[in-house]
Amino acid sequence: MDEKKYAKLEKEISPKTPLMRNMIFAFLTGGTICLVGQFVSLFYMTYFDFTERTASNPTVATMIFFAMLLTGFGLYKKIAQFGGAGSAVPITGFGNAVISAAIEHKTEGYVLGVGGNMFKLAGSVILFGVFSAFVVALIKTILVKFGVVSW
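A brief look at the structure comes next. In this text the structure is predicted, and so the values were computed from the model without any measurement. Positions within a chain are numbered from 1, following the residues in the order the chain's sequence is written. The predicted origin of the model limits local features to residues at a pLDDT of at least 70 and limits the giving and counting of side-chain atom pairs to 80 or more, whereas totals for whole chains, interfaces and linings rest on all residues. With hydrogens and water set aside, each side-chain value is computed from the structure's full complement of heavy atoms.

## Remarks on the packing of helix α3 (residues 56-72) against helix α4 (residues 75-83)
The geometry of α3 relative to α4 is characterised by a closest axis approach of 5 Å and an angle of 100 degrees between their N-to-C directions. Overall, the two elements α3 and α4 adopt an arrangement that is roughly perpendicular. In contact with A67, L70 and T71 of α3, α4 contributes L75, Y76 and I79. By the convention adopted, Pro, Cys, Tyr, Trp, Phe, Met, Ile, Leu, Val and Ala count as nonpolar, Lys, Arg, Asp and Glu as charged, and the other residues, Gly among them, as polar. Its residues assigned to classes, the contact of α3 with α4 comprises five nonpolar, one polar and no charged. Fitted lines through C-alpha atoms give the axes, limited to the stretch in contact for helices. The angle between two N-to-C directions lies from 0 to 180 degrees. Helix and strand assignments follow DSSP, with helices taken as H or I runs no shorter than four residues and strands as E runs no shorter than two, numbered in order from the N terminus. The labels follow the angle: roughly parallel below 35 degrees, roughly antiparallel above 145, roughly perpendicular from 65 to 115, and oblique for the rest. Residue contacts follow a heavy-atom distance rule, with two residues in contact if any of their heavy atoms lie within 4.5 Å.

Structure follows, in C-alpha cells:
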C-alpha cells in the first residue's frame, strides 16, 4: 500500500475531531480559571490593601495552590479532560504539572521520587520562562542604552 492510499484509508477510519466544540470548551475552561483568578486578585485588593500591581504575586501563588489542591484530589484531571488546552495554558497548568509529577513518583520516596521528579514537566517551563525574560531584559537594556527607548 502506498502513502496516498494509506493516508486516504487513515482519514476514512479515524474519528472526526470536534474542533469547534474543543475550542469552545477550552475557551470556557481557560476563561473560568482566569475569572477565578480575577476574583482572587480582587479579594486581595479589597481585604488586604494590595494595589492592582502588588496583588499579582499572591494571586499567582493562590491560583497555583488551588491547582495543586485540585490535582491532589483528582479534580484537575476532570477539568483538563473537559477543557483541554484551556486548563493547561493559565498558571494553574504549571501547578498541575508540578504536583502531578510529584504524586506519580511518590512511591520512589520523598527525596529521589518526589524531589527528583517534581519539576520533570515544569522544568522546561521554568527554564524557557527565565531565558525569555533574560532575552527581553537584555534587548530592553540595549534599547535604553542607545536612547531608542526611554525608561
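## Examining the packing of α3 against helix α6 (residues 91-104)
Between α3 and α6, whose axes approach to 8 Å, the crossing angle comes to 45 degrees. It follows that α3 is oblique to α6 by the angle criterion. The interaxial crossing formed by α3 with α6 has right-handed handedness. On α6, the residues touching V60, M63, I64, A67, M68, T71 and G72 of α3 are I91, T92, F94, G95, N96, V98, I99, S100 and I103. Looking at the contact of α3 with α6, its residues break down into ten nonpolar, six polar and no charged. For a crossing to be left-handed, the near helix must be turned anticlockwise from the far one by less than a right angle; the clockwise case is right-handed.

## What about α3?
Multiplying 1.5 Å by the residue count of a helix minus one yields the expected span of that helix. Over its 17 residues, α3 runs 24 Å from end to end, which matches the ideal 24 Å to within 8%, given 1.5 Å per residue. Whether a residue is buried, partly exposed or exposed follows from its accessible area with a 1.4 Å probe, protein chains only, as a fraction of its type maximum: under 20%, in between, or over 50%, in that order. Among the residues of α3, P58, T59, T62, M63, I64, A67 and T71 are the ones counted as buried. Where α3 is buried, its residues contact α2 (19-47), α4 and α6. Phi turns positive one or two residues past the end of α3, at G74, with a value near 80 degrees.

## Notes on the side chain of T62
The residue T62 is located in helix α3 in this model. By relative accessible area, which is 14% here, T62 ends up buried. The residues contacting T62, other than those within four sequence positions of it, are V40 and Y44.

## Structural notes on unusual backbone geometry
Of note, D49 is a non-glycine position whose phi angle comes to about 55 degrees, a positive value. Assignment of secondary structure puts D49 in the loop between α2 and α3.

## Focus on the environment of G86
Of note, G86 is situated in helix α5 (residues 85-88). Here G86 falls in the buried class, since its relative accessible area comes to 6%. In this structure the C-alpha to C-alpha distance between G86 and F27, which are 59 residues apart in sequence, comes to 5.9 Å. Apart from residues lying up to four places away in sequence, G86 is in contact with A26, T29, G30 and I33.

## Brief notes about a nonpolar patch on the surface
A grouping of F131, F134, V135, L138, I139, I142, L143, F146, V148 and V149 is seen on the molecular surface, where their side chains present a nonpolar patch of about 950 Å² in accessible area. With respect to the helices and strands, L138 occurs in helix α8 (residues 123-145). Residues with no salt bridge and a relative accessible area higher than 30% make up the patches, which join like charges within 9 Å and nonpolar side chains (Val, Leu, Ile, Met, Phe, Trp, Tyr) within 5 Å. All accessible areas in this document rest on Shrake-Rupley with a 1.4 Å probe, and a residue is counted as covered only by the protein chains that are shown. Salt bridges are identified by distance alone: a Lys or Arg side-chain nitrogen within 4 Å of an Asp or Glu carboxyl oxygen.

## Observations regarding the packing of aromatic side chains
Ring geometry is summarised as follows: Phe, Tyr and Trp rings, the Trp one being its six-membered ring, pair when their centres sit within 6.5 Å, and such pairs are stacked at plane angles under 30 degrees, edge-to-face over 60 and tilted between the two. Taken as a whole and judged by the stated rule, the model has six aromatic pairs. Relative to Y44, the ring of F43 lies with its centre 5.7 Å away and its plane at 65 degrees, an arrangement referred to as edge-to-face. Consider the rings of F43 and F48, whose centres lie 5.6 Å apart with planes at 70 degrees: the pair is edge-to-face. F43 sits in the partly exposed class, given a relative accessible area of 39%. Overall, the relative accessible area of 48% leaves F48 in the partly exposed class. Among the aromatic residues, ring-to-ring pairing joins F43, Y44, Y47, F48 and F50 into one connected group.

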